[in-house]
Amino acid sequence: GVGMNQRELQSNSQLTEYHVQDLNQNPQLDQFDDNSFDVICNVVSVDYLTQPQEIFREMYRVLRPGGVALCSFSNRCFPTKAVAMWLQADDIGRMTVVGSYYHYSAAWKSIEALDIKMPTMETPARPSFGEMFSNPTAGFAWMNTAAAVAKSNAGDPMFVVKGTK
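Structural notes, computed from the coordinates. (Residues numbered from 1 in each chain as written. Predicted model: local features only at pLDDT ≥ 70, side-chain atom pairs only at ≥ 80, totals over all residues. Heavy atoms only, no water.)

### What to know about the sheet that holds strand β4 (residues 63-73)
Sheet strands associate in pairs through backbone hydrogen bonding, adopting either a parallel or an antiparallel arrangement. What counts is decided by this rule: Strand pairing follows a simple DSSP-based rule, namely that at least 2 bridges must link the two strands. Only DSSP runs of H or I with at least four residues qualify as helices, and only runs of E with at least two residues qualify as strands; both kinds are numbered from the N terminus onward. Between N-to-C directions, angles cover 0 to 180 degrees, with each direction set by a line fitted to C-alpha atoms, over the stretch in contact for helices. By definition, residues are in contact when any of their heavy atoms lie within 4.5 Å.
Here we have four strands laid out as an open sheet, ordered β3-β4-β6-β5, and mixed in their pairing. Among the strands making up the open sheet, the edge pair consists of β3 (37-43) and β5 (110-115). When the angles between neighbouring strand axes are averaged without regard to direction, this sheet yields 15°. Across six bridges, β3 lies against β4 in parallel orientation. Counterpart to I40 in the pairing with β4 is A69. Running at roughly 140° to β4, helix α2 (residues 52-62) makes contact with β3 and β4 of the sheet.

Here you go:
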């Protein structure tokens with residue numbers, strides 16, 4: 001993994017190795033050989049990149065043929081850290097921005113923009129008052145389920161732009 005926070009990188013059990021690096025200061029991934037990764041993930045930080053073309057060119061270089069680069073993001077960010085065009089765009093605009101990073105950096109085989117937010121769930125029908133008085137468990141079950149559905153439906157949108165080498 002590559003990131004700016006050593007403690008976060010150290011505690012990520014999915015990583016076999018890590019490198020502390022500010023990609024805005026140094027967008028080169030010289031520590032990695034050409035064609036050395038099957039998958040690259042940029043998780044909720046593409047909006048902070050000040051040299052995206054260089055970074056996406058490096059992602060392309062280190063991916064094996066057929067490899068996939070995934071950039072995920074939502075509509076939330078730290079406005080003081082995000083690049084200006086990110087703050088001025090809506091969700092479709094942000095997908096377009098990230099898609100253009102791929103498009104103008106290298107000859108990607110394919111570029112896809114995906115909305116990965118869970119589909120909206122239907123709230124189950126509320127039991128009648130009579131049903132709840134005769135079977136309080138049904139009322140509690142409905143209340144818990146309705147609350148979980150409301151929480152899920154209120155979640156942030158989530159997007160991924162996927163580039164295949």
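From this point on, the discussion continues.
### Focus on the pattern of salt bridges
Selection criterion: Salt-bridge detection follows one rule: a side-chain nitrogen of Lys or Arg within 4 Å of a carboxyl oxygen of Asp or Glu. Classification of residues uses two cut-offs on accessible area relative to the type maximum, computed with a 1.4 Å probe and protein chains only: under 20% is buried, over 50% is exposed, and between them is partly exposed.
All told, the structure shown has five salt bridges when counted by the stated rule. Residues R64 and D38 are paired through a salt bridge, measuring 3.1 Å at the closest nitrogen-oxygen approach. Residue R64 is located in strand β4, and its partner D38 is located in strand β3; the two are separated by 26 residues in the primary sequence. The exposure class assigned to D38 is partly exposed, which follows from its relative accessible area of 48%.

### What about the pairing of strand β6 (residues 159-164)?
For β6, a buried count of five out of six residues is recorded, marking the element as mostly surrounded by other parts of the structure. The sheet contact formed by β4 and β6 spans six bridges and is antiparallel. Paired with V68 across the two strands is T164, which belongs to β6. Sheet analysis places β5 next to β6, joined by six bridges and oriented antiparallel. For D115, the partnering residue across the bridge sits in β6 and is F159.

### Focus on the packing of aromatic side chains
What counts here: A pair of aromatic rings is counted whenever rings of Phe, Tyr or Trp (Trp by its six-membered ring) have centres within 6.5 Å, and the orientation is called stacked for planes under 30 degrees apart, edge-to-face for over 60 and tilted otherwise.
Under the defined criterion, the tally for this structure stands at eight aromatic pairs. Between the aromatic rings of Y60 and W108, the centroid separation amounts to 5.0 Å while the plane-to-plane angle is 75°, which identifies the pairing as edge-to-face. Pair noted here: Y60 is in helix α2 and W108 is in the loop between α4 (91-105) and β5, with a separation of 48 residues, a long-range link. According to the relative accessible area criterion, Y60 is partly exposed, its value standing at 21%.

### Considering unusual backbone geometry
Backbone geometry places N35, a non-glycine residue, at a positive phi of 55°. Tracing the chain through its elements places N35 in the loop between β2 (19-20) and β3. Overall, the relative accessible area of 37% leaves N35 in the partly exposed class. Phi angles above zero are rare outside glycine, and V44 is one such case at about 45°. The exposure class assigned to V44 is partly exposed, which follows from its relative accessible area of 42%.

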